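Summary of structural features
Residues per chain are reported as follows:
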Amino acid sequence: MNFLLLIIMIVIVDLLLMLIDLTYSILSAVIQTILRPRLKCIDGELCLITGAGGALGRLFALEFAKEGAHLVLWDCNAAANEQTAKQARELGVQVHTYTVDLSKRQSIYEAADRVRAEVGCVSILVNNAGVVAGRRLLDCPDELLERTLLVNCHALFWMTKAFLPQMKAKNHGHIVTIASALGLFSTACDYCASKFGAVGFHESLTHELLAEDLDGIKTTLVCPYIVDTGMFAGCEIRELRSLIPPLEPLYTVQQSMKAILAEQQMICIPRLMYIPFLARALLPWDANVATYRFMGGDKCMLPFIKNVETKTTNGHIKSS
Ligand SMILES: NC(=O)C1=CN([C@@H]2O[C@H](COP(=O)(O)OP(=O)(O)OC[C@H]3O[C@@H](n4cnc5c(N)ncnc54)[C@H](OP(=O)(O)O)[C@@H]3O)[C@@H](O)[C@H]2O)C=CC1
Ligand SMILES: CC1=C(/C=C/C(C)=C/C=C/C(C)=C/C=O)C(C)(C)CCC1
């Protein structure tokens, strides 16, 4: 009887402590939103960015360079990657480039070994590379569907397995996942499943680090809406699109940088994207379908898919 009482007391005390933690977390999140959070210094840190030859990857590289971080840039497109490296070197930081195919696990592990031997310990990892097939499910070759999952989702596992051990050894590091608003709510596109996977990976990794009390290793999840980089050229919602225009690439990266340097857990860009995310969880399915239809979210990928089809017919689109 006394033992049962003791257990109940412990649970009540734990519950009270949890409620204090919960209130503190909500209050500090509100205060962080209102006040300017303190940004950490990353001068001299080694930052690896994947997809660094692409639009957002290049801007991330330049922003990290401005903060004084040395760079390791990965991309499958060597020429574009070198172009990013050239611009970053002009900012006075050391830059090392690697041509890596992120859809191949072995290629990731081999490049990671080379980085460790040739450059040193990566302390900031920005998993930015991403692809989309942009076809209707039944029209899409299996290899392209597979590539979306390999690059946008599986690669996150291999990258983390390759670079987390050194971060753990020092209890110091930061792993950034560039996912998407389409990792929080979906529309008709092969890409969504891979980005949902990326969000799930980020969350479970974060829980694992917390459970091991590795509080020196931070994680940040970035979930942008459409960014004007060309990756989703044609994707649009109905006439109301001026309410939610595509994001400027530089704005997207600067907002992401603020979140990373503030060691923020997650950022939706723009904040408006929290609404469909919450609606997905709170409203019945049919209510969500009604809002999708009203906003044009149900068919937003059709013009993009048409674009891809046209380019494919003209032979401009790469299939791997
Ligand atoms: N643009 C948008 O609307 C949004 C983008 N995002 C995410 O942001 C990230 C960056 O997007 P963005 O800059 O627009 O895209 P880009 O296509 O401009 O850049 C992606 C880069 O990754 C490279 N890459 C593709 N596949 C591989 C691979 N297998 N191995 C190594 N590198 C590869 C690409 O090379 P190559 O050009 O040769 O294929 C390219 O240089 C992606 O994760 C994307 O999903 C999130 C929200 C919105
Ligand atoms: C579905 C949907 C919307 C449209 C979202 C779109 C068009 C997102 C595109 C995101 C992209 C391209 C991300 C890339 O990573 C609204 C109108 C916001 C709200 C209703 C539900």
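It should be emphasised that the depicted structure is a prediction, and the values quoted were computed from it without experimental measurement.

Quick look at the pairing of strand E3 (residues 95-99)
- Note that strand E2 (residues 70-75) and E3 share five bridges and pair parallel. Looking at the pairing, valine 72 lines up with histidine 96 of E3.
- Note on the crossover from E2 through helix H3 (residues 78-89) to E3: the handedness is right-handed.

Concerning the site of ligand 2
- Around ligand 2 lies a shell of 13 residues, among which Ser180, Tyr191, Tyr225, Ile226 and Tyr292 are the nearest.
- Serine 180 is positioned with one of its side-chain polar atoms (N or O) 2.6 Å from an oxygen atom of ligand 2.
- Contacts to ligand 2 include tyrosine 191, whose side-chain N or O atom sits 2.6 Å from an oxygen atom.
- Partitioned by chemical class, the residues of the shell around ligand 2 number 11 nonpolar, two polar and no charged.

Considering the site of ligand 1
- Close to ligand 1 lie 30 residues; Asp75, Asn128, Tyr191, Val227 and Thr229 are nearest.
- With respect to ligand 1, the backbone of glycine 54 contributes an N or O atom lying 3.1 Å from an oxygen atom.
- In this structure, leucine 56 approaches ligand 1 through a main-chain N or O atom, which is 2.9 Å from an oxygen atom.
- Here ligand 1 has 890 Å² of accessible area as a free molecule, and 89% of this is covered by the chains.
- Looking at the shell around ligand 1, the elements with two or more residues in it are helix H2 (55-66) and helix H6 (190-211).

A short note on the UniProt feature "transmembrane region" (unreviewed entry) in the protein chain
- The UniProt record marks residues 6-30 with the feature "transmembrane region" (unreviewed entry), using the residue numbering of this structure.
- In residues 6-30, helix accounts for 100% and strand for 0%; the two terminal C-alpha atoms are 36 Å from one another.

A look at the side chain of threonine 177
- Mapped onto the elements of the fold, threonine 177 is located in strand E5 (residues 173-178).
- Residues within four places of threonine 177 in sequence aside, it is in contact with Asn127, Leu156, Ala198, His202, Thr220, Leu221 and Val222.

A few points about the pattern of salt bridges
- According to the stated counting rule, one finds seven salt bridges in the structure shown.
- Among the ionic pairs, glutamate 63 bridges to lysine 66, the shortest N-O distance being 3.0 Å. Here glutamate 63 pairs with lysine 66, and both are found in helix H2, just three residues apart, close to one helical turn.
- Its relative accessible area of 10% is what places glutamate 63 among the buried residues.
- Judged by relative accessible area, which is 55%, lysine 66 ranks as exposed.
- Linking aspartate 101 and lysine 104 is a salt bridge whose minimum nitrogen-to-oxygen distance equals 3.0 Å.
- By relative accessible area, which is 29% here, aspartate 101 ends up partly exposed.

Topic: the sheet that holds E5
- Ordered by their spatial adjacency, seven strands build an open sheet running E3-E2-E1-E4-E5-E6-E7, and the pairing between neighbours is parallel. Each edge of the open sheet is held by one strand with a lone partner, namely E3 and strand E7 (266-269). Looking at each pair of strands side by side, their axes are set apart by 15° on average, direction ignored.
- Its contacts with the sheet place H6 against E5 and strand E6 (217-224), and it is angled at close to 160° to E6.

Focus on the packing of aromatic side chains
- Scanning the entire structure with this criterion turns up seven aromatic pairs.
- Aromatic pair tryptophan 74 and phenylalanine 163: ring centres 6.0 Å apart, planes at 65°, arrangement edge-to-face. Here tryptophan 74, found in strand E2, pairs with phenylalanine 163, found in helix H5 (residues 142-170); they are 89 residues apart in sequence, far enough to count as distant. There is no split in this pair, since tryptophan 74 and phenylalanine 163 are both buried.

Digging into the packing of H5 against H6
- Running from N to C, H5 and H6 cross one another at 15°; their axes reach a closest spacing of 7 Å. Here H6 runs roughly parallel to H5, going by the angle between their axes. Seen from above, H5 lies across H6 with right-handed handedness. Note on element contacts: H6 touches H5 through Asp190, Tyr191, Ala193, Ser194, Lys195, Gly197, Ala198, Phe201, Leu205 and Leu209, opposite Leu145, Thr148, Leu149, Asn152, Cys153, Leu156, Phe157, Thr160 and Leu164.
- The class makeup of the residues in the contact of H5 with H6 is 12 nonpolar, five polar and two charged.

Conventions used here
Residues numbered from 1 in each chain as written. Chains lettered and ligands numbered in written order. Predicted model: local features only at pLDDT ≥ 70, side-chain atom pairs only at ≥ 80, totals over all residues. Heavy atoms only, no water. Pairing = 2+ DSSP bridges. Helix = DSSP H or I, 4+ residues; strand = E, 2+ residues; numbered from the N terminus. Right-handed = clockwise from strand over helix to strand, strands pointing away. Near = heavy atom within 4 Å. Polar contact = N/O pair within 3.5 Å; in protein donor to acceptor, adjacent residues only side chain to side chain. Nonpolar A, V, L, I, M, F, W, Y, C, P; charged D, E, K, R; others polar. Areas by Shrake-Rupley, 256 points an atom, 1.4 Å probe, with all protein chains shown as cover. UniProt positions renumbered as here; feature names shortened; annotations may be inferred. Contact = heavy atoms within 4.5 Å. Salt bridge = Lys/Arg side-chain N within 4 Å of Asp/Glu carboxyl O. Buried < 20%, exposed > 50% of the residue type's maximum accessible area, 1.4 Å probe, protein only. Axes fitted to C-alpha atoms, helices over the stretch in contact; angles between N-to-C directions. Phe/Tyr/Trp six-rings, centres within 6.5 Å; stacked < 30°, edge-to-face > 60°. Parallel < 35°, antiparallel > 145°, perpendicular 65-115°, else oblique. Left-handed = near helix turned anticlockwise from the far one by under 90°.

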